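What follows is each chain in one-letter form.
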Amino acid sequence: MNTFALRTAIAAAAIAPLVAFGAGVASAAPTLHGDPDTPGTQLNIHSNSPHSFSCGAIGVTGVGIGSAPANGTGPVNGPFFGSGPVQGGCVGDDGSISFPAGHAH
């Protein structure tokens, strides 16, 4: 029984850094959010990553493309004809790919 407990502890210790690394990568992915206070900018891309992202977004109310600088926010340019859900696809300058969802205003 002690051998089983030891093996379990070793496996848990080996997996812990990978889980922590995965959580950090997920939090660095870009997000899409509406900005009703800025005329003409109905959807923004926000990134907390040290990498910039180029994104496209499509929703029931329109379609657009845009980019976000590293650790910053950028607009999605395109015709959005009202408020509604949007789905995006983003490619980072490091080659990472993410698919954020959001809401246009």
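Above this text sits the structure in question.
Small disclaimer: the values here were computed from a predicted structure and weren't measured.

(A) The arrangement of the side chain of S98 in detail. Considering the arrangement of structural elements, one finds S98 in strand β7 (residues 97-98). Owing to a relative accessible area of 12%, S98 belongs among the buried residues under this scheme. Every residue in contact with S98, bar those within four places of it in the chain, is listed here: A29, P30, G88, G89 and C90.

(B) Quick peek at the nonpolar core. Counting residues in each nonpolar core, the largest one holds twelve residues, listed as L32, L43, I45, F53, C55, A57, A68, V76, F80, V86, C90 and A104. Elements that contribute at least two residues to this core include exactly β3 (53-59) and β6 (84-92). Looking at which element gives the most residues to this core, the answer is β3, with three residues. The contacts of F53, once residues within four sequence positions are left out, are A28, P30, S47, G66, S67, A68, C90, V91, G92 and S96.

(C) Structural view of the environment of V63. In this fold, V63 is placed in strand β4 (residues 62-68). Expressed as a C-alpha distance, the spacing of V63 and G78, which sit 15 residues apart in the sequence, is 5.8 Å. In this structure V63 touches A57, I58, G78, P79 and F80, once residues within four positions along its chain are discounted.

(D) Spotlight on a nonpolar patch on the surface. A contiguous nonpolar patch, built from V91, I97 and F99 and spanning about 350 Å² of accessible area, is present on the exposed surface. Relative to the elements of secondary structure, I97 occurs in strand β7.

Reading the values: rules and limits
- Residues numbered from 1 in each chain as written.
- Predicted model: local features only at pLDDT ≥ 70, side-chain atom pairs only at ≥ 80, totals over all residues.
- Heavy atoms only, no water.
- Helix = DSSP H or I, 4+ residues; strand = E, 2+ residues; numbered from the N terminus.
- Buried < 20%, exposed > 50% of the residue type's maximum accessible area, 1.4 Å probe, protein only.
- Contact = heavy atoms within 4.5 Å.
- Core = buried A, V, L, I, M, F, W, Y, C linked by side-chain atoms within 4.5 Å.
- Patch = residues over 30% accessible without salt bridge, like charges linked within 9 Å, V, L, I, M, F, W, Y side chains within 5 Å.
- Areas by Shrake-Rupley, 256 points an atom, 1.4 Å probe, with all protein chains shown as cover.
- Salt bridge = Lys/Arg side-chain N within 4 Å of Asp/Glu carboxyl O.

Read these as layout, nothing more, since geometry by itself doesn't imply function.
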